[in-house]
Amino acid sequence: MRIAVDAMGGDYAPEEIIKGTLMAAEKNPNVDLILVGPKERVLPSLTGTRPKNISFVEATEVIEMDEHPANAVRKKKDATIVVATRLVKQGEADAVVSAGSTGAQMAAALLGLGRIKGIERPAIATVLPTVEGGKLILDVGANLDATPEQLCQYALMGSIYAARILKIPNPRVGLLNVGSEEGKGNELTQKAYLLLKEAPINFLGNVEGRDVPYGRADVVVCDGFVGNVLLKTAEGLAGVFVQVIKEKITSTTVRKLGAMAVKPGLKEFAQMMDYAEYGGAPLLGVNGISIICHGSSKAKAILNAIRVAQECVQTHFIEQIREELPK
């Protein structure tokens, strides 16, 4: 198995990306990892004893976060994400992992790998921590608008991913809506509901925003606009919640003493809410495995994203979508 890693993707590139790749190489000696980036930025971090399962492919350009994704991908043929995706297209890698510009990664995947036959538009999936463990949300930003048919395709792909990668048997699929009753919502969700009822998935009906953090659906389906707002709101609330707890339990000497007793529980909570535990998730619907990571990913997140890429390859995830879609 060969996995290409965009060494220049993310806020902490290349140091944290390389560190996470080295950790993955040590943990998985039978997986070949290919670091893609400018040699003057990558090779100095690989001095000394380099693991035998790490190789390097040079890419001289980097797509910045403020660049127009599609234009940059077309213009910068030697950009790190373009070269890494090309390795997958040419069969020199089985998957690509990046924490860089999501738009650029999606553009590179669409232009370089193409869509799976029958999929109208790809979707960005992400694993959201809940009280019942990580649950899948899609789409969280690939397409701000969607048709009922596309939401149905998202549900099918998400259901396969949840079963194969998240190891959730017969995953429950919910349609994000303003009410739980059938007939609620706008024209999009009403039409999508009818299609989802007939789809070969475990559709439980509509779910409201308050149901999501309780994990009442294993796969939550929505258009990219709604999904992105949900994701960013959840991230903000989690950060505020942790910050307020720290401030309140350390505001007095007595509370500080009490905080020592609850510290293990707080650590468990912080770990449960940490996106780094899930690493990344694939761009669903493209004809290859392209793992999208959080832009603030550090070494631990990259390590886990590489694990996700491995699992996608091992479970023949793309082939599963091709087989299930006609049904």
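Preceding block: the structure.
Residues numbered from 1 in each chain as written. Predicted model: local features only at pLDDT ≥ 70, side-chain atom pairs only at ≥ 80, totals over all residues. Heavy atoms only, no water.

1. Looking at the packing of aromatic side chains
The final tally for this structure, using the stated rule, is two aromatic pairs. Relative to Phe317, the ring of Tyr161 has its centre 5.5 Å away and its plane inclined at 80°; by these criteria the two rings are edge-to-face. Highlighted residues: Tyr161 in helix H6 (residues 148-164) and Phe317 in helix H11 (residues 317-324), separated in sequence by 156 residues. For Tyr161, a relative accessible area of 1% gives the class buried. When the ring of Tyr193 is compared with that of Phe203, the centres are 5.1 Å apart and the planes differ by 75°; the resulting orientation is edge-to-face. One end of the pair, Tyr193, is in helix H7 (residues 187-198); the other, Phe203, is in strand E8 (residues 202-207), with 10 residues separating them in the sequence. A residue is classified by how much of its surface remains accessible, and Tyr193, at 12% relative accessible area, is buried. Residue classification places Phe203 among the buried positions, given a relative accessible area of 15%. Over the ring of Tyr214 we find Arg216, and its NZ or CZ is 4.6 Å from the ring centre. The aromatic ring of Tyr12 is capped on one face by Lys298, whose charged end is 4.7 Å from the ring centroid. (Phe/Tyr/Trp six-rings, centres within 6.5 Å; stacked < 30°, edge-to-face > 60°. Helix = DSSP H or I, 4+ residues; strand = E, 2+ residues; numbered from the N terminus. Buried < 20%, exposed > 50% of the residue type's maximum accessible area, 1.4 Å probe, protein only. Lys NZ or Arg CZ within 6 Å of the ring centre and 35° of its normal.)

2. Quick word on the sheet that holds strand E6 (residues 133-138)
By definition, the strands of a sheet pair up through backbone hydrogen bonds, in either a parallel or an antiparallel sense. Here 11 strands make up an open sheet; going across it, the order is E3-E2-E1-E4-E11-E10-E5-E6-E9-E7-E8 and the pairing mixed. At either end of the open sheet lies a strand with only one pairing partner, and these are strand E3 (54-58) and E8. For this sheet, the mean angle separating the axes of adjacent strands, direction not counted, is 30°. Sheet analysis places strand E2 (residues 32-37) next to E3, joined by five bridges and oriented parallel. Bridge pairing in E3 links Leu35 to Phe56. Contacts from helix H8 (residues 224-249) reach strand E5 (123-130), E6 and strand E7 (172-176) within the one sheet, and its direction differs from that of E5 by about 30°. (Pairing = 2+ DSSP bridges. Axes fitted to C-alpha atoms, helices over the stretch in contact; angles between N-to-C directions. Contact = heavy atoms within 4.5 Å.)

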